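Okay, here's what each chain looks like letter by letter:
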Amino acid sequence: YKAIDYYEKAILISEETGDKWAVANTSRNIGKIYLEEHNYAKALDYLNTALNIAREIGSNDLQKSIFMSLSEVYYAKNDYKKSLEFFKQYSDIKDTVFQTEQDHKHTIAELKNVIEKEEKQNRLLQNELKIEELKNSRQKNLQGVIILAALLILVLFFFIFIRYKTKIKINK
């Protein structure tokens, strides 16, 4: 089959690049094809290879899928005891994967909560900073107005003083 040929090429490329997950996943896919073709010996070879790699890299999702496929192979071979063993392993790892996903979702929710609180606190601090800047600007404006008023009063006193001096000279 062409699909198997392409998968075999994909395995070679994945091995060259060191992508073990891709090797395991592709081996699993070939095993499933052989299962559909009722070639159980080859299906088991590829699935066991995939399982060994999946265990080596610690991919629970991949192991879960492989356990189900192995259960299906043994069921098709009428080896119900082994089929049940692999189905139990599938079920156990499915629970582990589910729990891991739940833990991951919980952690993400907690992180989102922390991030939202940090962002809210950041906005509050930015608002406080803007308020302080406005207060400082207002205070500088007020100081400018006071200095200008003082200068105007000085100029006014200067003119009054000059007028006063001029009146005194005129009256003399």
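The residue numbers shown here count from 1 along each chain, following its written sequence. Per-residue local features are limited, in this predicted model, to residues with pLDDT of at least 70; the limit for side-chain atom pairs, both in listing and counting, is 80 or more; totals at the level of whole chains, interfaces and linings are taken over all residues. Each side-chain value is derived from all of the structure's non-hydrogen atoms; neither hydrogens nor water enter the calculation.

1. Examining a nonpolar patch on the surface
Thought 1: Surface patches are drawn from residues lacking salt bridges whose relative accessible area is over 30%; two like charges belong together within 9 Å, two nonpolar side chains (Val, Leu, Ile, Met, Phe, Trp, Tyr) within 5 Å. Only the protein chains shown count as cover for residues, with accessible areas throughout obtained via the Shrake-Rupley method and a probe of 1.4 Å. Salt bridges, as used here, are contacts in which a Lys or Arg side-chain nitrogen is within 4 Å of a carboxyl oxygen on Asp or Glu. Side chains of Val155, Phe158, Phe159, Phe161, Ile162, Tyr164 and Ile168 sit close together on the surface and give an oily, nonpolar patch of about 690 Å² of accessible area.
Thought 2: With respect to the secondary-structure elements, Phe161 resides in helix α5 (residues 80–171).
Thought 3: A residue is classified by how much of its surface remains accessible, and Phe161, at 46% relative accessible area, is partly exposed. We count a stretch as a helix when DSSP gives it H or I for four or more residues in a row; a strand needs E for two or more, and each element gets its number in order from the N terminus. The cut-offs for exposure are 20% and 50% of the maximum accessible area for each residue type, with area from a 1.4 Å probe on protein chains only; residues under the lower value are buried, those over the upper are exposed, and the others partly exposed.

2. Points about the packing of helix α1 (residues 2–17) against helix α2 (residues 20–36)
Thought 1: In this analysis, axes come from line fits to C-alpha atoms, helices being fitted only over the stretch in contact, and the angle between any two N-to-C directions falls in the range 0 to 180 degrees. Two elements in contact, α1 and α2, have axes separated by 9 Å at closest approach and are oriented at 160°. Taken together, the axes of α1 and α2 lie roughly antiparallel to each other. Regarding α1 and α2, the two cross each other, and that crossing is left-handed. On α2, the residues that touch Ala3, Ile4, Tyr7, Glu8, Ala10, Ile11, Ser14 and Glu15 of α1 are Ala22, Val23, Thr26, Ser27, Asn29, Ile30, Ile33 and Tyr34.
Thought 2: Gly counts as polar in this scheme, as do all residues outside two lists: the nonpolar Ala, Val, Leu, Ile, Met, Phe, Trp, Tyr, Cys and Pro, and the charged Asp, Glu, Lys and Arg. For the contact of α1 with α2, the per-class residue count stands at ten nonpolar, four polar and two charged. Should an angle fall under 35 degrees it is taken as roughly parallel, and over 145 as roughly antiparallel, whereas 65 to 115 is taken as roughly perpendicular and any remaining angle as oblique. Note: crossing handedness is left-handed where the near helix turns anticlockwise from the far helix by less than a right angle, and right-handed where it turns clockwise. Throughout, a contact is declared for two residues whenever any of their heavy atoms are within 4.5 Å.

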